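Inside the fold
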Amino acid sequence: MNHNLKEALMLYALLFSLTACSQNQTNTDSQKADSTKKTGSLLGAISKPLILGMYTADPSAHVFNEKIYIYPSHDIESSIKEDDLGSHFAMKDYHIFSMDSIGGKVTDHGVALDIKDIPWAGKQLWAPDAAYKNGKYYLYFPVKDKNDVFRMGVAVSDKPEGPFKAEIQPISGSYSIDPAVFTDDNGTSYMYYGGIWGGQLQRWQSGKYEENGSKTDLGKDNDPAIAPKIAKLSSNMLTFAEKPRDIQILDKDGKAIKGGNHDQRFFEASWVHKYKGKYYFSYSTGDTHLICYAIGDNPYGPFTYQGVVLKPVTGWTNHHSIVEVKGKWYLFYHDTELSNGKTHLRNIKVTELKYDRNGNILTIDAYANKK
Ligand code: FUB
């Protein structure tokens, strides 16, 4: 064999074995994120994807038993055409992940809940959250029922990583998407929720689901924006303890943010955390792709708009959680680095979140390293 050809073949064999090796290490799922594709190469990205073996999104992070647990959506390729209602987000199960520390190894605990084990579910398992009370863990999830109406479900486990067993009915009186459960220092838990457009919240404004209601919030620029919802949870964590109430988001003059203010109005992805005695309500602005926050003095608000937590990330959606780990604060978020920009194939990431001395969150640019 010609010497040059032999060298070329050896190089090819070496490259092939390196690629195969990296695939064996990372691809554990049938919906494979192509981990050989430019991981970490997104221009200026400040963080790398936490999970390479599957697509993950909407990360809700919590510390349970001194470990970090992440409850994300599990994105899959459904081949459903992209539309404004998010039909292309056709997820079917949840995996739960844990880490001993930020930057440490991420463990995939496998399928924690499958849509086929939720008796009332139709399709689209969207962004979940989790909570702990009295020795049990609760997984809250939105899914369309068999009539294509989003409802909130709850599933229970003895362990934070599951597997979880779903209750046989949705939470009575629940609707729309993106549950986020915050437990205050006195042990009372509240569910924050809602999402407009595909999340259907605009169809519930009369108190009942309007099947032929508007697909968006557009065209009502001078009205107060559609409000996210809050409901206290009962002590068994399985039902609402009260009729859901509106959450008011006000501007600095105390006026309700208007529907036309797309840089500040609520779209989806509620999250609440407490910092120095104040309640921080953060959320996505959807079509302007920001994560913003507003501060209040109690869990119900009103919350006064403060600013931007996270600038737009690659892909249409922006969805996050904020959690304290060993005295430092972290933002869990997602972008579309692994799929090279496919909106419905996302990957979760984490970065440190900092406050100034007045408690303002310092805005994060997920691609700040490009400067
Ligand atoms: O993952 C499906 C949906 O996309 C979530 O429920 C929204 O918050 C958006 O991230």
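Before going into details, it helps to say that this report is about the structure given with it. (Residues numbered from 1 in each chain as written. Predicted model: local features only at pLDDT ≥ 70, side-chain atom pairs only at ≥ 80, totals over all residues. Heavy atoms only, no water.)

**With respect to the sheet that holds strand β2 (residues 67–75)**
- Spatially, the four strands line up as an open sheet ordered β1-β2-β3-β4, and their pairing is antiparallel. Of all strands in the sheet, those bounded by a partner on one side alone are β1 (55–64) and β4 (107–114). Sheet twist, expressed as the average angle between the axes of neighbouring strands with direction ignored, equals 25°.
- In this structure, β1 lies alongside β2, joined through eight bridges in antiparallel fashion. The residue of β2 that forms the bridge with V63 is I68. (Pairing = 2+ DSSP bridges. Helix = DSSP H or I, 4+ residues; strand = E, 2+ residues; numbered from the N terminus. Axes fitted to C-alpha atoms, helices over the stretch in contact; angles between N-to-C directions.)

**With respect to the site of the ligand**
- Contacts to the ligand come from D58, S73, M91, W126, A127, D178, E268, T317, H319, H334 and R346.
- Between an oxygen atom of the ligand and a side-chain N or O atom of H319, the distance comes to 2.7 Å.
- The separation between an oxygen atom of the ligand and a polar side-chain atom of R346 is 2.7 Å.
- In isolation the ligand has 280 Å² of accessible area, and contact with the protein removes 99% of it. (Near = heavy atom within 4 Å. Polar contact = N/O pair within 3.5 Å; in protein donor to acceptor, adjacent residues only side chain to side chain. Areas by Shrake-Rupley, 256 points an atom, 1.4 Å probe, with all protein chains shown as cover.)

**Concerning the pairing of strand β3 (residues 93–99)**
- Counting buried positions over the seven residues of β3 gives seven, a clear majority of the element.
- Burial of the side chains of β3 extends over both faces: D93, H95, F97 and M99 are buried on one face and Y94, I96 and S98 on the other.
- Sheet analysis places β2 next to β3, joined by three bridges and oriented antiparallel. Among the inter-strand pairings, I70 is bridged to a residue of β3, identified as F97.
- Sheet topology places β3 next to β4; five bridges connect them, and they run antiparallel. Within β4, the residue paired with D93 across the bridge is D114. (Buried < 20%, exposed > 50% of the residue type's maximum accessible area, 1.4 Å probe, protein only.)

**Re the side chain of S174**
- With respect to the helices and strands, the residue S174 is situated in the loop between β9 (165–166) and β10 (180–183).
- Apart from residues no more than four positions distant in its own chain, S174 is found in contact with R151, M152 and F240. (Contact = heavy atoms within 4.5 Å.)

**Observations regarding the environment of D148**
- Checked against the element boundaries, D148 lands in the loop between β7 (136–145) and β8 (150–157).
- In this structure D148 comes out as partly exposed when scored by relative accessible area, which is 36%.
- When the C-alpha positions of D148 and E211 are compared, they lie 9.5 Å apart, and in sequence the two are 63 residues distant.
- Excluding anything up to four places from it in sequence, D148 contacts K123, Q200 and Y209.

**Things to note about the sheet that holds β10**
- Here we have four strands laid out as an open sheet, ordered β10-β11-β12-β13, and antiparallel in their pairing. In this open sheet, the two strands that pair with only one neighbour each are β10 and β13 (245–246).
- Relative to β13, strand β12 (residues 229–232) runs antiparallel, the two being bridged by two bridges. From the neighbouring strand, I230 faces β13, where its bridge partner is R245.

**Observations regarding the packing of aromatic side chains**
- Under the definition given, this model contains 28 aromatic pairs.
- For the ring pair F64 and Y137, a centre distance of 5.2 Å and an interplane angle of 75° mean the geometry is edge-to-face. Within this pair, whereas F64 is found in strand β1, its partner Y137 is found in strand β7, the two being separated by 73 residues in sequence.
- For the pair Y132 and Y137, a centre-to-centre distance of 4.9 Å together with 50° between the ring planes defines the contact as tilted.
- Residue classification places Y137 among the buried residues on the basis of a relative accessible area of 6%.
- Here the aromatic residues F64, Y69, Y71, Y132 and Y137 are joined through ring pairs into a cluster of three or more. (Phe/Tyr/Trp six-rings, centres within 6.5 Å; stacked < 30°, edge-to-face > 60°.)

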